[in-house]
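For reference, the chains in residue letters:
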Amino acid sequence: MKLRPLNRKSTFTVNLVEQIAIAREGDLLTKERLCCGLSMFEVILARVRGFLDDPIWRGPLPSNGVMHVDECVEFHRLWSAMQFVYCIPVGAHEFTVEQCFGDGLHWAGCLIISLLGQQRRFDILDFSYHLLKVQKHDGKDELIKSVPLKKMVDRIRKFQVLNNEIFAILNKYLKPSDGENMPVEHVRCFQPPIHQSLASS
């Protein structure tokens with residue numbers, strides 16, 4: 001009995017059909033898990049949150065009882081400084097942070113900020129966002145210490161959009177969907193500041 005050589009075209013077709021079937025099964029399994037509320041992403045977020053219990057991520061309690069103003073002891077301030085450096089336009093033969101690492105660093109930074117509950121403070125106190133607001137108001141396009149301001153502001157705006165998208169995805173998984181189980185936000189009332197000349201009388 002003489003064996004015929006295997007036809008490569010038929011082997012390729014069989015492999016392609018098997019791969020399509022495996023892909024469909026994987027897609028179906030993933031959809032069923034998501035319908036049941038089984039998501040690996042939530043498990044990973046919970047695991048990472050457990051690693052962030054160390055007080056080094058939050059810093060000591062603020063002296064004014066509200067928030068740190070001059071000190072940079074919280075993670076969002078460190079990430080803000082790093083993001084400011086990332087936004088500086090690079091030279092002709094240099095690589096940008098997104099060319100080297102993609103969106104991975106921003107995902108990591110935004111994830112840690114979200115898990116620590118520092119997103120609102122980051123949005124308010126970020127150095128880059130402040131520069132973006134000032135430049136939007138005055139509209140200057142200058143070269144400051146060999147950094148083109150307009151290019152830097154364009155990079156800041158791009159990273160702000162990316163950060164907002166990442167925070168939106170993370171908040172979808174970190175916060176419960178029903179309003180009844182939402183934690184009650186505690187509001188503290190503070191007396192308005194009194195000028196020194198009026199404080200003595």
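The following refers to the structure shown. Because the structure is a prediction, the values reported are computed rather than measured. For every chain, the first residue of its written sequence is number 1, and the numbers climb from 1 along that sequence. Only residues with pLDDT of at least 70 get local features here, since the model is predicted, and only at 80 or more are side-chain atom pairs given and counted; chain-wide, interface and lining totals rely on the full set of residues. Side-chain descriptors were evaluated using all non-hydrogen atoms of the structure, hydrogens and water having been removed beforehand.

**Notes on the environment of A108**
And then number 1: Helix and strand assignments come from DSSP, with helices taken as H or I runs of at least 4 residues and strands as E runs of at least 2, each series counted from the N terminus. In this fold, A108 is placed in helix 5 (residues 104–115).
And then number 2: Only protein chains enter the area calculation, which uses a 1.4 Å probe; residues under 20% of their type maximum are buried, those over 50% are exposed, and those in between are partly exposed. Overall, the relative accessible area of 36% leaves A108 in the partly exposed class.
And then number 3: For the pair A108 and W79, spaced 29 residues apart in sequence, the C-alpha separation works out to 10.0 Å.

**Description of the side chain of Q135**
And then number 1: Of note, Q135 is situated in helix 7 (residues 127–138).
And then number 2: Between two residues, a contact is recorded if the distance between any of their heavy atoms is within 4.5 Å. Once you skip the residues sitting within four places of it in the chain, Q135 turns out to touch K140, L149, K150 and V153.

**Looking at the pattern of salt bridges**
And then number 1: The working definition used for a salt bridge is a side-chain nitrogen of Lys or Arg within 4 Å of a carboxyl oxygen of Asp or Glu. For the structure on display, the rule yields five salt bridges.
And then number 2: The closest approach of N and O atoms between R157 and D154, which form a salt bridge, is 3.3 Å. A residue pair is termed a helical-turn pair when its members lie 3 or 4 positions apart in one helix, as R157 and D154 do in helix 8 (residues 149–174) at three residues.
And then number 3: Because the salt bridges share partners, they merge into one network encompassing E98, R155 and K158.

**Things to note about helix 5**
And then number 1: By this rule the span expected of a helix is its residue count minus one, scaled by 1.5 Å. Under the 1.5 Å per step criterion, the end-to-end length of helix 5 is 16 Å for twelve residues, consistent within 8% with the ideal 16 Å.
And then number 2: Buried within helix 5 are the following residues: H106, G109, C110, L111, I112, I113, S114 and L115.
And then number 3: Against the buried residues of helix 5 lie helix 2 (40–51), helix 3 (75–87), helix 6 (119–125) and helix 8.
And then number 4: Just beyond helix 5, the residue with positive phi is G117, at close to 70°.

**Points about unusual backbone geometry**
And then number 1: Backbone geometry at S146 places phi at a positive 60°, although glycine is not the residue there.
And then number 2: Inspection of the secondary structure assignment puts S146 in the loop between strand 1 (143–144) and strand 2 (147–148).

**Points about the packing of helix 3 against helix 8**
Helix-helix packing is characterised by the crossing angle of the two axes and by the distance between the axes.
And then number 1: The N-to-C vectors of helix 3 and helix 8 enclose an angle of 130°; their axes lie 9 Å apart at closest approach. Classified by the angle their axes make, helix 3 and helix 8 are oblique. Along this stretch, helix 3 crosses helix 8, giving a crossing that reads as right-handed. Residues Q83, F84, Y86 and C87 of helix 3 touch helix 8, and the partners they reach there are M152, R155, I156, F159 and N163.
And then number 2: Side-chain classes follow a simple rule in which Ala, Val, Leu, Ile, Met, Phe, Trp, Tyr, Cys and Pro form the nonpolar group, Asp, Glu, Lys and Arg form the charged group, and the remainder, Gly included, forms the polar group. Partitioning the contact of helix 3 with helix 8 into residue classes produces six nonpolar, two polar and one charged. Helix axes use the C-alpha atoms of the stretch in contact, all axes being lines fitted to C-alpha atoms, and the angles between their N-to-C directions lie in the range 0 to 180 degrees. The cut-offs work like this: below 35 degrees is roughly parallel, past 145 is roughly antiparallel, 65 to 115 is roughly perpendicular, and the gaps in between are oblique. Left-handed is the label given to a crossing in which the near helix is rotated counterclockwise from the far helix by less than a right angle, and right-handed is the label when the rotation is clockwise.

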